[in-house]
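The chain contents come next:
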Amino acid sequence: MRRRDALSRSTGKHRKELRRGTRRYIIMKFSVMLEQLSSGMLKSMGIFALTLIFSLPLGLLIAFGRMSKNTILRTITKVYISVMRGTPLMLQLLVVYFGPYYLFGMKIGGGYRFTAIIIGFALNYAAYFAEIYRSGIESMPAGQYEAAQVLGYGRVQCFFRIIFPQVVKRILPSVTNEVITLVKDTSLSFSLAYAEMFTIAKQIAASQTTFMPFVVAAVFYYVFNLVVAVVMERIEKCLNYYQ
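Residues numbered from 1 in each chain as written. Predicted model: local features only at pLDDT ≥ 70, side-chain atom pairs only at ≥ 80, totals over all residues. Heavy atoms only, no water.

Undergrad: Hey, could you run me through the layout of surface pockets in this one?
TA: Picture a little ball the size of a water molecule; that probe, rolled over the atoms, points out where space is still empty. In this structure, the largest pocket encloses a volume near 590 Å³. As for the largest pocket, its lining consists of 15 residues, and the residues nearest its centre are F64, M67, Y145, R155 and F159. Elements that contribute at least two residues to the lining of the largest pocket include exactly helix 4 (111-138), helix 5 (142-150) and helix 6 (155-185). Partitioned by chemical class, the residues of the lining of the largest pocket number nine nonpolar, three polar and three charged. (1 Å grid on protein atoms, 1.4 Å probe; cavity = no way out; pocket = protein on both sides within 12 Å on 5 of 7 lines; lining within 4 Å. Points joined across faces, edges and corners; volume = space filled by probe spheres on them. Helix = DSSP H or I, 4+ residues; strand = E, 2+ residues; numbered from the N terminus. Nonpolar A, V, L, I, M, F, W, Y, C, P; charged D, E, K, R; others polar.)

Undergrad: It is not clear to me how unusual backbone geometry should be interpreted in this structure. Could you clarify?
TA: Comment: phi is negative for the bulk of residues other than glycine, and the bulk of peptide bonds are trans. Its identity is not glycine, yet A193 carries a phi of approximately 60°, on the positive side. Tracing the backbone through its elements, the reader meets A193 in the loop between helix 6 and helix 7 (197-208).

Undergrad: What is the right way to look at the pattern of salt bridges in this model?
TA: Side chains that differ in charge, positive against negative, can pair when their charged atoms come close. By the definition in use, this model includes four salt bridges. As a salt-bridge pair, E131 and R66 come within 3.8 Å of each other at their nearest N and O atoms. You can see E131 sitting in helix 4 and its partner R66 sitting in helix 1 (residues 2-66), a full 65 residues away along the chain. Residue E131 shares its accessibility class with R66, and that shared class is buried. Ionic pairing is found between E233 and K237, a salt bridge with its closest N-O pair at 4.0 Å. With E233 and K237 both in helix 8 (residues 212-239) and four residues apart, the pair spans about one turn of that helix. For E233, a relative accessible area of 44% puts it in the partly exposed group. Here the salt bridges share partners, and the residues they tie into one network are R66, E131, R134 and E138. (Salt bridge = Lys/Arg side-chain N within 4 Å of Asp/Glu carboxyl O. Buried < 20%, exposed > 50% of the residue type's maximum accessible area, 1.4 Å probe, protein only.)

Undergrad: Help me understand the nonpolar core, please; the structure alone is not making it clear to me.
TA: Side chains of nonpolar character tend, in soluble globular proteins, to be buried together. The biggest cluster of nonpolar side chains holds 53 residues, and the ones touching the most others in it are L37, F48, F121, F129, I163, V175 and V228. Of all elements in the fold, only helix 1, helix 2 (71-86), helix 3 (89-104), helix 4, helix 6, helix 7 and helix 8 reach the threshold of two or more residues within this core. Take this core: its biggest share by element is 12 residues, from helix 4. What I163 contacts, discounting residues up to four positions off in sequence, is M140, Q144, Y145 and C158. (Core = buried A, V, L, I, M, F, W, Y, C linked by side-chain atoms within 4.5 Å. Contact = heavy atoms within 4.5 Å.)

Undergrad: For this particular structure, what's the right way to read the packing of helix 2 against helix 4?
TA: Two measures define how a pair of helices packs: the angle their axes make with one another and the distance between the axes. Where helix 2 contacts helix 4, the axes come no closer than 9 Å and their chain directions differ by 120°. Once helix 2 is placed against helix 4, the crossing between them reads as left-handed. From helix 2, Y80, I81, M84 and R85 reach across to helix 4, where they touch L123, N124, A126, A127, Y128, A130 and E131. Its residues placed into classes, the contact of helix 2 with helix 4 shows eight nonpolar, one polar and two charged. (Axes fitted to C-alpha atoms, helices over the stretch in contact; angles between N-to-C directions. Left-handed = near helix turned anticlockwise from the far one by under 90°.)

Any link to function would need more than the numbers given here.
Put into structure tokens, the structure is as follows:
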């Protein structure tokens, strides 16, 4: 009887230690996964920030070309916008990355991968922002320009001091939608084997045969989008200076 009691006690202790060890292993595994996904999220945020930095001003220039009185310039920008909006972003990324090699025989290395991603994203989103800018600029009444001329403003001063601030206020909801879409579109960087968050989640899921990395990645994307939406909403409220 004593031997049986001792054996059962030792077995119970062994089971408890095994459970504790399993829990620690799972916690360690989850923490490592979070660390890897967090590093991928930083890269996704880098793509997001650089795309906005380049695409917003480029979109304004394209909008000017789209509204130009020069027929050739207007046609070129119109075709550009049509192509960028009418073809998949993933295909555009592949063209930007592999195009120099197939067209000009240039050697492409791993260092060009991130540059190609930024170029592809900036060119694509500039086309969308250009149409948003154009709709905002063309919605301004002609009286605004006439009043500026009466006050002695030149064309450039009139646009950047009077028209553009009002345009920003009008187009901000549309820009917000595109910015939120950009957060999710950063996952398309996996097509160029860039190790952003979605790519890392796929690698972890494949190696560990678990769906958990995708769930965690979805939470990361949701929180990122939530922060972006809150910030843009705050900006909208700050610009509602007549309310």
